[in-house]
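Here are the chains, one letter per residue:
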Amino acid sequence: MGAKREILKYVTESIQNLNVDSEWLCDLFSGTSIISASLKDEYNIHANDIQQYSAIFSNTYLLNLNRLIPPLQIQEIEERVCFLVAEFKERYPQLEFDYTQITNYKELQQLEKAQQELISFDFGIGFNLFTKYYSGTYWSFEQCVWIDSIRATAEDYIGTPSYYAILSALIFSMSYASQSTGHFAQYRDVTESNMNDILIYRHKNIWNLFSKKFEELISTLNIETNFEYKVTSLDYMDCLRVIEKKFYRLCRPTI
């Protein structure tokens, strides 16, 4: 359970040293797919996890994005995202929440509360889920507008490798801009003691975090491989039952 980055070398070497006769490796609980991605140039990979977010990461990290995505596509994505952000703000000019003038935690509480009330606001525009439901919680209104605009732009690339890369980079940027305690079970209520820390996260730029991660994915996922992969979002027992026999051989220890 939890991130495996610190034990990645141990896990991959243990798998490599098993000495079994198999062409496929099935990762039943793939999570962020770091294990599957690390072994994609040695096995055909079946990445499975019941959580839908995991399929996004698997469909990103199991590809050679360096070959599949043009280097300058980030500029095209930025133009589309900025257009949607500008359109949104032009439609709702009255919605503005300024963190630069905050001097005490009471003012910050009031500003957060004003944004949280947007849950009752009647937005007449698509892709406003985060702006409507999460402004003033895990993210600020401004951050949520950018999140929704990047998510909307991803639809322009559905059916292409860029689609999953955009969603993966967006999840990354959301995680690093969230004023939570490291998970999404609960955001932090403003107090006098945590006010300055929350303000640090409120000033984080979603686009900068997103673009940096997107470009990193393109530059680092460059392994040329002839191996296959498949991604499923099943309960692990269901996954074990539906493994296709024509692609898998029983793992038999060799003597």
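Please refer to the structure placed before this passage.
Heads up: these notes are all about the structure in this document. (Residues numbered from 1 in each chain as written. Predicted model: local features only at pLDDT ≥ 70, side-chain atom pairs only at ≥ 80, totals over all residues. Heavy atoms only, no water.)

### Some thoughts on helix 3 (residues 52-61)
(1) Moving on: Counting buried residues along helix 3, 8 of its 10 residues qualify, which places the element largely inside the surrounding structure.
(2) Moving on: Here helix 3 has its buried residues at Ser54, Ala55, Ile56, Phe57, Ser58, Asn59, Thr60 and Tyr61.
(3) Moving on: Structurally, helix 3 contributes buried residues whose contacts are with helix 2 (34-38), strand 2 (44-48), helix 4 (65-68), helix 9 (161-177), helix 11 (206-220) and strand 3 (229-232). (Buried < 20%, exposed > 50% of the residue type's maximum accessible area, 1.4 Å probe, protein only. Helix = DSSP H or I, 4+ residues; strand = E, 2+ residues; numbered from the N terminus. Contact = heavy atoms within 4.5 Å.)

### Things to note about the sheet that holds strand 3
(1) Moving on: One open sheet holds the 3 strands; their spatial order is 1-2-3, and the pairing between them is parallel. The sheet is open, and its two edges are formed by strand 1 (24-27) and strand 3, each paired on a single side. Sheet twist, expressed as the mean angle between neighbouring strand axes with direction ignored, is 10°.
(2) Moving on: Bridge analysis of strand 2 against strand 3 gives 4 bridges, and the strand direction is parallel. (Pairing = 2+ DSSP bridges. Axes fitted to C-alpha atoms, helices over the stretch in contact; angles between N-to-C directions.)

### Details of the packing of aromatic side chains
(1) Moving on: Evaluated as defined, the whole model comprises 21 aromatic pairs.
(2) Moving on: Measuring from ring centre to ring centre gives 5.8 Å for Tyr53 and Phe57, while their planes differ by 80°; the resulting arrangement is edge-to-face. Remark: Phe57 and Tyr53 occur in helix 3; sequence separation between them is 4 residues, near one turn of the helix.
(3) Moving on: For Phe57, a relative accessible area of 9% gives the class buried.
(4) Moving on: Three or more aromatic residues joined by ring pairs make a cluster, and in this case those are Phe88, Tyr92, Phe97, Phe121, Phe123 and Phe141.
(5) Moving on: One Lys or Arg, Lys132, reaches over the ring of Tyr133 and ends 5.8 Å from the middle of that ring.
(6) Moving on: Over the ring of Phe172 we find Lys213, and its NZ or CZ is 4.8 Å from the ring centre. (Phe/Tyr/Trp six-rings, centres within 6.5 Å; stacked < 30°, edge-to-face > 60°. Lys NZ or Arg CZ within 6 Å of the ring centre and 35° of its normal.)

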